[in-house]
Amino acid sequence: MATVIDLLYTIDMTGPLWPTVVVLAVGLAAVLWPPARRPEWLTEKRRTAVPALASVLYSVTSVVAGWHARFGPGETLILLSLLFVAVRHCPARSALTCGLATGGALLLLPVRSFTYFAEQTSVMQVALVLGGATAGLAAYLRSLDYRRTVAVGETRRAERLAIAADLHDFVAHHVTGILVQTQMARMMAATRPDELDPVLAGIERAATEALASMRRTVGVLRDTGPEIAGRHPVGDLAGIRDLTEGFAVPGQSVVLHLAPAPLDDLPHEVQAAAFRVVQEALTNVRRHAADADEIIVYLRREGRYLEVSVTDDGRGGTRLPEAARGGGFGLVGLTERVTALGGELRAGPRDGHGWQVRAVFPLRKP
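To keep things clear, this report deals only with the structure shown in the data block.

About the criteria used
Residues numbered from 1 in each chain as written. Predicted model: local features only at pLDDT ≥ 70, side-chain atom pairs only at ≥ 80, totals over all residues. Heavy atoms only, no water. Pairing = 2+ DSSP bridges. Helix = DSSP H or I, 4+ residues; strand = E, 2+ residues; numbered from the N terminus. Axes fitted to C-alpha atoms, helices over the stretch in contact; angles between N-to-C directions. Contact = heavy atoms within 4.5 Å. Core = buried A, V, L, I, M, F, W, Y, C linked by side-chain atoms within 4.5 Å. Buried < 20%, exposed > 50% of the residue type's maximum accessible area, 1.4 Å probe, protein only. Expected span 1.5 Å × (residues − 1). Arc of directions from axis to C-beta.

**Quick word on the sheet that holds strand 4 (residues 344–349)**
Stage number 1. The strand order 1-2-3-5-4 describes an open sheet built from five strands, whose pairing is mixed. Each of the sheet's edge strands pairs with one partner strand only, and the pair in question is strand 1 (253–258) and strand 4. Neighbouring strand axes in the sheet, compared pairwise and without regard to direction, differ in orientation by 10° on average.
Stage number 2. With eight bridges connecting them, strand 2 (residues 294–302) and strand 3 (residues 305–312) associate as antiparallel partners. Considered in strand 3, the bridge of Arg301 is made with Leu306.
Stage number 3. Each of strand 1 and strand 2 is contacted by helix 9 (residues 237–245), which is oriented at about 160° to strand 1, the strand it contacts most.
Stage number 4. Along the sheet, helix 10 (residues 268–288) contacts strand 2, strand 3 and strand 5 (355–362); its crossing angle with strand 3, the most-contacted strand, is approximately 10°.

**Some words on the pairing of strand 2**
Stage number 1. As defined by bridge partners, strand 1 adjoins strand 2 across six bridges and the pair is classed as parallel. Within strand 2, the position partnered with His257 by the bridge is Tyr298.

**Structural notes on the nonpolar core**
Stage number 1. One finds Val277, Val278, Leu306, Val308 and Phe361 to be the most contacted residues of the largest nonpolar core, which totals 29 residues.
Stage number 2. Counting residues per element, the ones that place at least two in this core are helix 9, helix 10, strand 2, strand 3, helix 11 (329–340) and strand 5.
Stage number 3. Counting residues per element, this core draws most heavily on helix 10, which supplies nine residues.
Stage number 4. Setting aside residues up to four positions removed in sequence, Val308 forms contacts with Ala274, Val277, Val278, Tyr298, Leu299, Val357, Arg358, Ala359 and Phe361.

**Some words on the pairing of strand 4**
Stage number 1. Direction of pairing for strand 4 relative to strand 5: antiparallel, over a ladder of six bridges. Within the sheet, the bridge partner assigned to Ala347 lies in strand 5 and is Val357.
Stage number 2. Linkage of strand 4 to strand 5, two consecutive antiparallel strands, is achieved through a turn of five residues, within which Gly352 is found at a positive phi near 90°.

**Side note on helix 5 (residues 92–108)**
Stage number 1. With 17 residues, helix 5 should reach 24 Å at 1.5 Å per residue; the first-to-last C-alpha distance of 25 Å fits that figure.
Stage number 2. Along helix 5, the positions that sit buried rather than exposed are Ser94, Ala95, Cys98, Gly99, Thr102, Gly103, Ala105 and Leu106. For helix 5, the buried positions fall inside an angular range of 160° around the axis, keeping them on one side. Those residues of helix 5 that are exposed and angled more than 90 degrees off the buried face are Arg93, Leu96, Thr97 and Leu100.

Written out as C-alpha cells, the structure reads:
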C-alpha cells in the first residue's frame, strides 16, 4: 500500500516515472525476498547496499537534472527496513558501511521534493530521528545476539569440561584398575596360576564398568530431551560402598567407615562430589601407591559439614608405566568441584608414610 502511494505521488512530478519504479522494485525485492528461496549471491551486504545505491543515484540525478521528484512512505519504509538489516545482520566489517549507505540514502530523500534548504533540513531531521531509532534498536538486538552466542559458547565449553571430568573420573578409574590387575595376573600366571581366576574376574568387572560409564557419557551427549535438565550427576554416597568393595587387589584391604549420622538426605550434588573425591583418591592409590596394604575411607556428618577422607599406607611404590600415571589434572578438577560447592580439599603426605585426601563440604549456607 505504501509503495502505491509513492507511485501516485509521481503523477505530479516533472521527471520520468521509471526511476521511481526501479527504486521501489529493487527495494521490495531486497526486503521481501523469502529467505528460503534467496540465492547465495544475494548476501546481506548486497541486499542493503544495492537498493541504497539506487536511491542515492536517483536523488543525485533528480537534483542535477532539475526534476521535482517526490518521495513517499514506501521508499522511506524500505530504507528503514534495510537500515535495520544492515546494522543487525550484516557482517561486522560491512555493517558500518552498509548502515551509513542506507542512512545516507534516507537523509537524501528530501532533496528530491523540496527546493528550499530550510524545508530540506527540517525533513532531514525527522529522517535522522527515524534512522537513529531504527539503527539503535538494531544495534541493541545485535548486542543481544552476541551475548547469546557467547553464553551458548560458554555453556558448551562447560559441558565439554564436565564430560571430560566424567571420562577422567570413571573411565580412567576402571582402566587403571584393569592395568594393575593385568600386571598382577601376569605375575601370578607363572607362580600361582590356581589363584588367577579372581583377578581375571576383577578385570572383567572393571572393563564392564568402564564400558557402562562410556555409554552413559555418550547417552548424555545424544540426549536432547527436556528430561536431561533434571538429570542428576552420576555417583552418590550409596555407590561408595560398591566402589570400595570392588577396589582391593589381593594383598590389600579397603575399610569403609560411615558415621552413624544419616547421609541419605544430603544434596545430590554434594553426594556426587563426595563420590568423586573417593573415586579419584582410590585411582591415585593405584597409580602412585600400588604397594599400599590398607586404604581407609571415612565419611562423617558433623553439624553443618560433611567430611570425606581417604588415607593409605603406601610408600610410593607403583608398577604402572609413566604414561599411565596421569598428569595431575585429576586433583585440579576435583578441587574445582569441591570449591564450587563452597568446600575445601586438601591432599598431602601423612606422618611417616602414606597419603591422605580430605574434603569438607558445607551442608547449609551460613
